[in-house]
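Coordinate inspection notes
Listed below, chain by chain, are the residues.
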Amino acid sequence: VMEELHQISAGIVLIADENFFVNPQRAKRICERIIDDGIQKSFIVQSRIEIYEHPDVLDLAARAGIKVFLLGIESPQDRILQQFNKGFDTAKLREAFGTFRKFPFYYHGYFIYGNVNESEAEMMEIPTFAQELGLDSISYQKLRIEKYSPLRELVENSPGYYIGDDTIVYSYQMGRKGLKRISHRIRRRFYTPWQLYRIARKLVRLGVLNNQNFRSVVFMLPFLMATAMGRKLTKAAERSRILSRLRLRPSTS
């Protein structure tokens, strides 16, 4: 792997691992190898927030050239985080970002809006909560229900909600236009001119953005984040299928 990294001409590398830090000690060894081999790259990684419990690994990650973290935050509502079985609540998120802010990384957070019984006011807490945590940028996706998703039963048993042909969850009250309007409101509230300036300034400070790669980074970073999100959704759908099959398997007792 290290030989391949040496041969890659690109200055920015997305590590195609759903959770690079799933095994903190393994991630630590990889970072040590990158440092020892003198590999000079900027790395983008996907991670769960629990890595904040290992500041020694975060320190090594920064020294190894990891610059951008892609994090699944999902919601500023505890009950929705519980529906998603995230394993953390908003208090834990605040604690985690108290540690994250001590390290020189760029943080991109993924959110899901349009959840069952989620009000417009609650959806509009996404940009406020993201700013409170210290996220540099965010993506926000409508709730999708794949064929074997554990959330399908919840949607089907919730009056006023339905799953569209595009697998997106809609409410009869809000509909497609309502969700689109909220998407525009979230974008305008978070991506202010000041926030865009902060994004550019931080990417320059971290060495991700420079005169040589300015154009490629501006065009490729959103693509890389979207690619990672697509991979994340595919993995989640596959896990849902496996869980559902296990639940439906007849008992052998």
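Residues numbered from 1 in each chain as written. Predicted model: local features only at pLDDT ≥ 70, side-chain atom pairs only at ≥ 80, totals over all residues. Heavy atoms only, no water.

**Section: the overall build of the chain**
The helix and strand tally for the chain stands at 11 helices and seven strands. Burial analysis of the chain (253 residues in total) assigns 46% to the buried set. Of the contacts made within the chain by residues no fewer than 6 positions apart, 75% connect residues no fewer than 24 positions apart. Within the structure as shown, the chain displays about 13800 Å² of accessible surface, and the carbon and sulfur contribution to it stands at 51%. (Helix = DSSP H or I, 4+ residues; strand = E, 2+ residues; numbered from the N terminus. Buried < 20%, exposed > 50% of the residue type's maximum accessible area, 1.4 Å probe, protein only. Contact = heavy atoms within 4.5 Å. Areas by Shrake-Rupley, 256 points an atom, 1.4 Å probe, with all protein chains shown as cover.)

**Remarks on the packing of helix H5 (residues 90–100) against helix H7 (residues 125–133)**
Between H5 and H7, the shortest axis-to-axis distance is 9 Å and the interhelical angle comes to 35 degrees. Touching Thr90, Leu93, Arg94 and Phe97 of H5 are Phe129, Glu132 and Leu133, all from H7. When grouped by side-chain class, the residues that make up the contact of H5 with H7 number four nonpolar, one polar and two charged. (Axes fitted to C-alpha atoms, helices over the stretch in contact; angles between N-to-C directions. Nonpolar A, V, L, I, M, F, W, Y, C, P; charged D, E, K, R; others polar.)

**Considering the pattern of salt bridges**
For the structure shown, the criterion picks out 14 salt bridges. Between Arg185 and Glu120 there is a salt bridge, and its shortest N-O distance comes to 2.7 Å. Highlighted residues: Arg185 in helix H9 (residues 175–190) and Glu120 in helix H6 (residues 120–123), separated in sequence by 65 residues. Taking relative accessible area as the criterion, Glu120 reaches 24% and is therefore assigned partly exposed. With a closest N to O distance of 3.0 Å, Asp136 and Lys202 form a salt bridge. Taken together, the residues Asp136 in the loop between H7 and strand E5 (137–142) and Lys202 in helix H10 (residues 193–205) connect sequence positions 66 residues apart. Each member of the pair, Asp136 as well as Lys202, is classed as buried. (Salt bridge = Lys/Arg side-chain N within 4 Å of Asp/Glu carboxyl O.)

**Things to note about the pairing of strand E4 (residues 106–113)**
Along E4, eight of the eight residues are buried, which leaves the element largely enclosed by surrounding structure. Residues Tyr106, His108, Tyr110 and Ile112 of E4 are buried on one face, and the alternating residues Tyr107, Gly109, Phe111 and Tyr113, pointing to the opposite face, are buried as well. With six bridges joining them, strand E3 (residues 66–74) and E4 adopt parallel strand pairing. Note on E4: the bridge partner recorded for Phe69 is Tyr107. (Pairing = 2+ DSSP bridges.)

**Structural notes on helix H3 (residues 55–64)**
Of the positions making up H3, those classed as buried are Val57, Leu58, Leu60, Ala61 and Ala64. Projected onto a plane normal to the axis of H3, the buried residues spread over an arc of 165 degrees and lie on a single side. The positive-phi residue at the C-terminal boundary of H3 is Gly65, with phi of around 105 degrees. (Arc of directions from axis to C-beta.)

**Here we look at the side chain of Lys202**
Take Lys202: its relative accessible area is 13%, and that puts it in the buried class. Those residues in contact with Lys202 that sit more than four places away from it in its chain are Phe105, Tyr106, Tyr107 and Asp136.

**A closer look at the environment of Phe190**
Secondary-structure assignment places Phe190 in helix H9. Using a relative accessible area of 0% as the deciding quantity, one classes Phe190 as buried. A sequence separation of 62 residues divides Phe190 from Thr128, and the C-alpha atoms of the two residues are 7.5 Å apart.

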